Amino acid sequence: EAMQQRGLEPDVITFSAAISACEKGGQWERALSLLEEMQQRGLEPNVITFNAAICACGKGWQWKRALSLLEQMQQRGLEPDVITFSAVISACEKGGQWERALSLLEQMQQRGLEPNVITF
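Residues numbered from 1 in each chain as written. Predicted model: local features only at pLDDT ≥ 70, side-chain atom pairs only at ≥ 80, totals over all residues. Heavy atoms only, no water.

Novice: Mind showing me how you'd approach helix α2 (residues 12-24) here?
Specialist: One turn of the α-helix equals 3.6 residues, which is why residues spaced by three or four share an orientation. Here α2 contains 13 residues, and its C-alpha end-to-end distance of 18 Å stays within 8% of the 18 Å for a straight helix at 1.5 Å per residue. Of the residues making up α2, those classed as buried are V12, F15, S16, I19, C22 and E23. Angular distribution of buried residues about the axis of α2 spans 120°; they occupy a single face of the element. Residues of α2 that are exposed and point more than 90 degrees away from the buried face comprise I13 and K24. (Helix = DSSP H or I, 4+ residues; strand = E, 2+ residues; numbered from the N terminus. Expected span 1.5 Å × (residues − 1). Buried < 20%, exposed > 50% of the residue type's maximum accessible area, 1.4 Å probe, protein only. Arc of directions from axis to C-beta.)

Below, the structure is given as structure tokens:
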């Protein structure tokens, strides 16, 4: 809002940073609200934006929402990266969804993405 009062319009980078800040503050609902708002403004979220929103859902124990965001991302033609998969796997783990987490790990490897320390 402060940006708009100064005649500045937020862009994808601005929204991604704000969503990431929400994740750090444990505000998953606000993160999803910002994701929706940016799309209403005609801005296309990128992998970084989705990763931040997925991480926010993971911190909020919202594994179903994290999976939904992964699906939305892929429907938009965006390729999930190691960070994406790690965040969704973490969200599933927190939700006690270990079978889904293992399935995601397998999908990740099928795409040629190597799990890292964060993934495990």
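Still to come is the rest of the account.
Novice: I tried to follow the packing of helix α3 (residues 28-40) against helix α4 (residues 47-59) on my own but got confused; where do I start?
Specialist: Where α3 meets α4, the axes come as close as 8 Å, and the angle between the chain directions of the two elements is 155°. Accordingly, the angle class assigned to the pair α3 and α4 is roughly antiparallel. Judged by the twist between their axes, the crossing of α3 over α4 is left-handed. Together, W28, A31, L32, L35 and M38 of α3 and T49, F50, A53, A56 and C57 of α4 make up the contact between the two elements. Broken down by class, the residue content of the contact of α3 with α4 amounts to nine nonpolar, one polar and no charged. (Axes fitted to C-alpha atoms, helices over the stretch in contact; angles between N-to-C directions. Parallel < 35°, antiparallel > 145°, perpendicular 65-115°, else oblique. Left-handed = near helix turned anticlockwise from the far one by under 90°. Contact = heavy atoms within 4.5 Å. Nonpolar A, V, L, I, M, F, W, Y, C, P; charged D, E, K, R; others polar.)

Novice: Before we go on, may I ask you to explain the nonpolar core in this structure?
Specialist: As a rule of thumb, nonpolar side chains are buried together in soluble globular proteins. The biggest cluster of nonpolar side chains holds 36 residues, and the ones touching the most others in it are I19, L35, L69, V88, C92, L104 and M108. Of all elements in the fold, only α2, α3, α4, α5 (63-75), α6 (82-94) and α7 (98-110) reach the threshold of two or more residues within this core. Apart from the residues within four sequence positions on either side, L104 is in contact with L67, L70, F85, V88, I89 and C92. (Core = buried A, V, L, I, M, F, W, Y, C linked by side-chain atoms within 4.5 Å.)

Novice: Please explain the packing of α4 against α6 as it appears in this structure.
Specialist: The relative placement of two packed helices comes down to the angle between their axes together with the axis-to-axis distance. Running from amino to carboxyl end, α4 crosses α6 at an angle of 15°, the nearest separation of the two axes being 9 Å. In terms of orientation, α4 lies roughly parallel with respect to α6. The two elements α4 and α6 meet at a crossing, and its hand is left-handed. Contacts between α4 and α6 pair V47, N51, I54, C55, G58 and K59 from the former with I83, T84, A87, V88, A91 and K94 from the latter. Residue classes in the contact of α4 with α6 are distributed as seven nonpolar, three polar and two charged.

Novice: How do you make sense of the environment of L70 when you look at a structure like this?
Specialist: Note that L70 resides in helix α5. Those residues in contact with L70, other than ones at most four positions away along the chain, are I54, P80, T84, V88 and L104.

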